[in-house]
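# What the coordinates show
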Amino acid sequence: MSTIIEFANTIFQPLIDLGAPAMMFILLTIMALLMGIKFSKALEGGLKLAVALVGIGLVIDILTGSFAPALQDFVASTGIYLPIIDVGWAPLATITWGSAYTLFFLMVLVIVNLVLLYLNKTDTLDVDIFNFWHLSIIGLLVMYYSDNLLIATLLVIFLGVLKFFNSDLMKPTFNDLLDMPDSNPTTTTHLNFMLNPLIMLVDTIIEKLFPFIDKYDFDAAELNSKIGFWGSKFAIGAYLGVFVGILGQQDVVDIFQLAFIGAASLELFSIVGTWFIDAMEPLSQGITDFMNKRLGGRQVLIGIDWPFLAARPEMWAAANVIAPIMLLLALILPGNQILPLGGIIAIGLTPALLVVCRGKLIRMILIGSLIIPVFLWSGTAIAPFVTNVAQSVGATPQGVETGTMITHSTLEGPVEKFLGILVGQAADGFNLMPIVYALLALAVYILLFIWYVRQMKKRNAEYAAQKAEEK
């Protein structure tokens, strides 16, 4: 096994060390060239994707970094003690990639993806290699509790296969939300969309209990058409900045600054989101031509990172409203020990809300508020593991005092983190009750996913029927 792990590190480590933008630039450019796209066009697509990844990261960093001091001032004024530091996603990615097992899990999932693609069990080729670290954390969680690599690998494979299936299922919704042609191969296998089944369950319950909610619901485009500027991306971002500034008892100058940063960020999110779709156009044409010539027109989807959805303003409008709700929940939620700073813009949640609710803002905000506790509890639960791993690989963020635990408040896959903990505890000595708990959790998880698959197939059939009528 150690030989396999070393082999995986030898293959993937140089690529991972480049960082996500450079890695995706190289991968997308090479794939386009292999599909027969001329060099200049292939290079253009790869460069646009790299720039888009850098752009979305910069905007998120600016928004989160600007709001954090005001939120810290607010919590300090309340006197509430939340000891676990929310360091955001970047340190956790660094910590995870510091483990040799991450590259082993990556190699296994690449092989599984290619086998499923060959057997026609999925249409998605996952090239978002950098974000494989999200699944690796779950495998590392299992090993943290049990030191059982076999069980950890099986759980990672199981979740990886479900991610590939989910990517296929979501594609028609992506086309609808972004007005993409069917020929565009853009999709994603990002772990945040594995929250879709839980969101859809809550959405179904709300629909049964409160069927009148759709009378008041709207999407951002509808709101903007009715009230103009006051419902625009600029205005919604400014509202959040003012709210955070007042909440943190900032002075007038700082409140204005937060309002302008919020407004600019929401507008930039939408602009940068379109770059992801543009970046895929050269590869899209190449894949279409290749498949028509070689495989009878079979469509192959390309799984990239989630921010191509950033073009939809509803995702950021919902994130801006959920942010103060999350902060208030963190102060009163039993069992929570995190002050959500690094994860205050809940990108681990809002993309999935957009896909399930299809832009209905009231539903997105309501469901998001109900699910935020799952993230806070998950972040609290994994804090000992994250802190331990960070110390073991020498990746504790600067400024964190010795003995202080770290985590991420809205890390993608909160449900899967609990699964990792339960499976790890079950694999540690194979005691009866932990095994029972793990099996029950897995059974519920699988049944919920099966139900979700059926609902998505019904939705996709409706999309197909609508297109048939339009023709």
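Quick note: structure is the one above.
Below is a short write-up of the structure. As the structure is a computational prediction, the values presented were derived from the model and not from experiment.

### With respect to the overall build of the protein chain
Across its full length, the protein chain holds 17 helices and six strands. Each of the 471 residues in the protein chain was classed as buried or not, and the buried ones make up 56%. A fraction of 81% describes how many contacts in the protein chain between residues 6 or more apart in sequence connect residues 24 or more apart. When the accessible surface of the protein chain is split by element, carbon and sulfur atoms take 66% of a total near 20,100 Å².

### A closer look at the environment of Leu 411
Take Leu 411: it is sitting in the loop between strand E6 (406–407) and helix H16 (414–427). By relative accessible area, Leu 411 is classed as buried at 4%. Sequence separation of Leu 411 and Leu 191 is 220 residues, and the distance between their C-alpha atoms is 9.7 Å. With residues near it in sequence (within four places) discarded, Leu 411 still touches Leu 92, Trp 133, His 134, Ile 137, Phe 375, Ile 382 and Lys 417.

### What about the nonpolar core?
Core analysis: the biggest nonpolar cluster contains 135 residues, and Ile 199, Leu 309, Leu 349 and Ile 371 have the highest contact counts within it. Ignoring sequence-local partners within four residues, the contact set of Ile 199 consists of Leu 349, Ala 352, Leu 353, Val 356, Ile 367 and Ile 371.

### Structural notes on the sheet that holds E6
The three strands are arranged E5-E1-E6 in an open sheet whose pairing can be described as parallel. The sheet terminates laterally at strand E5 (338–339) and E6, the two strands that pair on one side only. Relative to E5, strand E1 (residues 84–86) is paired through two bridges, and the arrangement is parallel. Residue Ile 85 lies in a different strand from E5, and its bridge partner there is Leu 339.

### A look at the pattern of salt bridges
Per the counting criterion, the structure on display carries six salt bridges. The partner of Glu 207 in a salt bridge is Arg 363, with the nearest N and O atoms 3.8 Å apart. Here Glu 207, found in helix H8 (residues 196–209), pairs with Arg 363, found in helix H15 (residues 361–392); they are 156 residues apart in sequence, far enough to count as distant. For Arg 363, a relative accessible area of 6% gives the class buried. With a closest N to O distance of 2.8 Å, Arg 312 and Glu 314 form a salt bridge. An identical accessibility class is assigned to Arg 312 and Glu 314; each is buried. One salt-bridge network, held together by shared partners, links Lys 41, Glu 44 and Lys 48.

### Considering the side chain of Glu 416
Mapped onto the secondary structure, Glu 416 falls in helix H16. One buried charged residue, Glu 416, forms no salt bridge at all, with the nearest opposite charge on Lys 417 at 6.0 Å. Leave out the neighbours within four places in its chain, and Glu 416 touches Ile 138, Leu 159, Leu 191, Met 194 and Tyr 445.

Rules used in this analysis
Residues numbered from 1 in each chain as written. Predicted model: local features only at pLDDT ≥ 70, side-chain atom pairs only at ≥ 80, totals over all residues. Heavy atoms only, no water. Helix = DSSP H or I, 4+ residues; strand = E, 2+ residues; numbered from the N terminus. Buried < 20%, exposed > 50% of the residue type's maximum accessible area, 1.4 Å probe, protein only. Contact = heavy atoms within 4.5 Å. Areas by Shrake-Rupley, 256 points an atom, 1.4 Å probe, with all protein chains shown as cover. Core = buried A, V, L, I, M, F, W, Y, C linked by side-chain atoms within 4.5 Å. Pairing = 2+ DSSP bridges. Salt bridge = Lys/Arg side-chain N within 4 Å of Asp/Glu carboxyl O. Lys, Arg positive; Asp, Glu negative; His and termini not counted.

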